[in-house]
Amino acid sequence: MNRFLVYILSALLLSAPHMNAQELSGLARFLPEGSAMKDRGRDVQLLLNLSQTVPYRVFTLDAPRRLVIDFREVDWGGAGAAKLDQSDRISEVRTGGFRPGWSRLVAELEAPMALKSVVMARQADTGQAQLSVVLQRTDADSFVATAGAPASGDWPVPKHTPKVKNEGRITIMLDPGHGGIDPGASHDGHEEKVLMLTFARELADELSRVPQVDVLLTREDDSFVSLERRVALAHQAGADLFISLHADALGQGHAHGATVHTLSDEATDEASALLAERHNRDDMLAGVDLSGQDDAVADILLDMARAETQPRTERLAAALVKGISDKGAPLNRRPHRSAAFSVLKAADIPSVLIEIGFLSSKRDFANIIDQAWRIEMAQALRDGIVAWMIEDEALSRVVRQ
Ligand SMILES: [Zn+2]
């Protein structure tokens, strides 16, 4: 039996005979008191206190090296794991929702470390649980050899009903940036993931009033959705447009105003390259890397699809910039930029990533948390999209003739 399964089973066995009414009713809560990740001699130990035992699994992943613990539904509370990391050999600990019904903890390792012991103990009197995970130094090769997610396939995969396409209608996939374990940027108590879900709903509301438009969202709640999955959802839905919504933070007060990003291998500028890198990295840290190598034939087909999609994408970006400018909303001094954003990689769907503003800019921040301003921005984007639809339809008619 593989060892990941053993951990899950042991957790189940531990909890099952002792279930009481309280345990059955509530979610397990993270208890910050006494929880920490500390150096212990040559080892690193994570002690995590929970209000009750839960099924869990523990594994390591490479590139970047990290420890991952999945739990069945843990409420991390407001502070989350902010104070957990007290080890010199751990660079960061993150906690949050992962998939519906599952929570995740990710600890980024400064050096290759292997699992030495994993124990979840339950206190008979309180019913509380303590998970102890001990890591020990190992060499890089051994780390790679043992790293990897358990292939147990026990994630409950959400079902998607295939969409029946109506002639003359277009489906727009809105993608609220970040979510769950990945909060995105934050400023003054506001998180990008929350603001963008709110804005996506407001924009969906504006777009759904356009007669030929159907709108879908890549996430409807505060859950983590990998970048790869966001693209896959657009494909599954047969989406005609993919629009990722963000309000990131950039240092040095450089970024102000709305910016529309498209995909390119070479970034137009350093700030865009940094944004793409950060988004791709946050995704890697939170999620399981499933990137497979495309074979040569698939590459050629993708290139052909991209060649057809790219001019449509460029026109979409231009129409969105015009929509924002016509509304008089603040635009970045260089409003159309490009970089290697993984979430824009659908070869056959015009895809853009919009920073509606930057949380790091004082003026933008005040705008983004103001509902009246957001509605104006949603209308500006709607106008841009409608202008693009008209242009795209006219051009495709020319092509068909
Ligand atoms: Zn973002």
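This write-up is about the structure you can find in this document.

1. Structural notes on the overall build of the chain
Within the chain, the secondary structure is distributed over nine helices and 17 strands. Looking at the 401 residues of the chain, the share that counts as buried comes to 48%. When the accessible surface of the chain is totalled, it reaches about 19200 Å², and 52% of it is carbon and sulfur.

2. So, the coordination of the zinc ion
Taken together, His 178 (NE2), Glu 192 (OE), His 246 (ND1), Asp 248 (OD), Asp 248 (OD) and His 279 (NE2) make up the full set of protein donors to the zinc ion, lying 2.1 to 2.7 Å away. Classification of the site at the zinc ion rests on its six donor atoms, whose angles at the metal span 51 to 171°, yielding the label irregular. Sequence positions of the donors to the zinc ion reduce to the motif H-x13-E-x53-H-x1-D-x30-H. Highlighted residues: Asp 248 in the loop between strand 14 (241-246) and strand 15 (258-263) and His 279 in helix 6 (residues 270-286), separated in sequence by 31 residues. Taking the relative accessible area as the measure of exposure, Asp 248 reaches 2% and is therefore buried.

3. Some points on the nonpolar core
Ranked by internal contacts, the top residues of the largest apolar core, which has 42 residues, are Ile 172, Phe 199, Leu 245, Ile 354, Ile 356, Met 377 and Leu 381. Excluding residues that lie within four positions of it along the chain, Leu 381 makes contacts with Phe 199, Leu 203, Leu 245, Leu 320, Ile 324 and Ile 354. Among the nonpolar cores identified, the runner-up in size contains 31 residues, and Val 44, Leu 67, Phe 71 and Ala 107 belong to it.

4. A few points about the sheet that holds strand 9 (residues 129-137)
With respect to topology, five strands assemble into an open sheet ordered 5-1-2-9-8, the strand pairing being mixed. Taken across any chain shown, the strands that pair with only one partner, and hence form the sheet edges, are strand 5 (74-75) and strand 8 (113-122). As paired elements, strand 2 (residues 43-50) and strand 9 share seven bridges and run antiparallel to each other. Bridge pairing in strand 9 places Leu 48 opposite Leu 131.

5. Some details on the pairing of strand 2
With seven of eight residues buried, strand 2 is to be regarded as a mostly interior element. Sheet analysis places strand 1 (residues 28-40) next to strand 2, joined by seven bridges and oriented antiparallel. Across the sheet, the residue bridging to Leu 31 is Asn 49, located in strand 2. Between strand 1 and strand 2, which pair antiparallel and follow one another directly, the connecting turn spans two residues, one of which, Gly 41, has a positive phi of 65°.

6. Some thoughts on the environment of Glu 308
Structurally, Glu 308 is set in helix 7 (residues 296-327). For Glu 308, a relative accessible area of 65% corresponds to the exposed category. Considered as a pair, Glu 308 and Ala 347 are 39 residues apart in the sequence and their alpha carbons are 8.8 Å apart.

7. So, helix 5 (residues 227-236)
All of the buried residues along helix 5 are Leu 227, Arg 230, Val 231, Leu 233 and Ala 234. Down the axis, helix 5 shows its buried residues gathered within 155° of arc, on one side only. Elements in contact with the buried residues of helix 5: strand 10 (170-176), strand 14 and helix 6. Looking one or two residues beyond helix 5, the residue adopting positive phi is Gly 238, at roughly 65°.

8. Side note on the packing of aromatic side chains
Applying the stated criterion to the full structure yields three aromatic pairs. Judged by centre distance (5.7 Å) and plane angle (75°), the ring pair of Phe 71 and Trp 76 falls under edge-to-face. Comparing Phe 71 with Trp 76, the two get one shared label, buried. Each ring, one from Phe 98 and one from Phe 224, has its centre 5.1 Å from the other, and the planes form 15°; the classification is stacked. Of this pair, Phe 98 sits in the loop between strand 6 (90-97) and strand 7 (102-109) while Phe 224 sits in the loop between strand 13 (213-217) and helix 5, placing them 126 residues apart in sequence. Phe 224 matches Phe 98 in its accessibility class, with the two residues each being buried. When the ring centre of Phe 143 is taken as origin, the NZ or CZ atom of Arg 65, which lies over that ring, is 5.9 Å away.

9. Quick look at the environment of Met 120
Tracing the backbone shows Met 120 in strand 8. Of the residues examined, Met 120 reaches a relative accessible area of 5% and is grouped as buried. Separated by 66 residues in sequence, Met 120 and Val 54 place their C-alpha atoms 9.1 Å apart.

10. Some thoughts on unusual backbone geometry
Along the chain, Ala 63 connects to Pro 64 via a cis peptide bond; the corresponding omega equals -5°. Relative to the helices and strands, Pro 64 is located in the loop between strand 3 (56-61) and strand 4 (66-72). At Ala 63, a position not held by glycine, the phi torsion is positive, near 55°. Secondary-structure assignment places Ala 63 in the loop between strand 3 and strand 4. The phi dihedral of His 178 falls on the positive side, at around 65°, and the residue is not glycine. Within the secondary structure, His 178 sits in the loop between strand 10 and strand 11 (186-187).

11. Digging into the environment of Thr 313
In this structure, Thr 313 sits in helix 7. Residues Thr 313 and Trp 388, spaced 75 residues apart in sequence, show a C-alpha to C-alpha distance of 9.6 Å. In this view, Thr 313 contacts Thr 262, Pro 350, Ser 351 and Val 352; residues no more than four positions away in its chain are not counted.

Definitions and limits used
Residues numbered from 1 in each chain as written. Predicted model: local features only at pLDDT ≥ 70, side-chain atom pairs only at ≥ 80, totals over all residues. Heavy atoms only, no water. Helix = DSSP H or I, 4+ residues; strand = E, 2+ residues; numbered from the N terminus. Buried < 20%, exposed > 50% of the residue type's maximum accessible area, 1.4 Å probe, protein only. Areas by Shrake-Rupley, 256 points an atom, 1.4 Å probe, with all protein chains shown as cover. Donors = N, O, S within 2.8 Å, 3.2 Å for Na, K, Ca; no water. Tetrahedral: all angles 85-135°; square planar, octahedral: opposite > 155°, others 65-115°. Core = buried A, V, L, I, M, F, W, Y, C linked by side-chain atoms within 4.5 Å. Contact = heavy atoms within 4.5 Å. Pairing = 2+ DSSP bridges. Arc of directions from axis to C-beta. Phe/Tyr/Trp six-rings, centres within 6.5 Å; stacked < 30°, edge-to-face > 60°. Lys NZ or Arg CZ within 6 Å of the ring centre and 35° of its normal.

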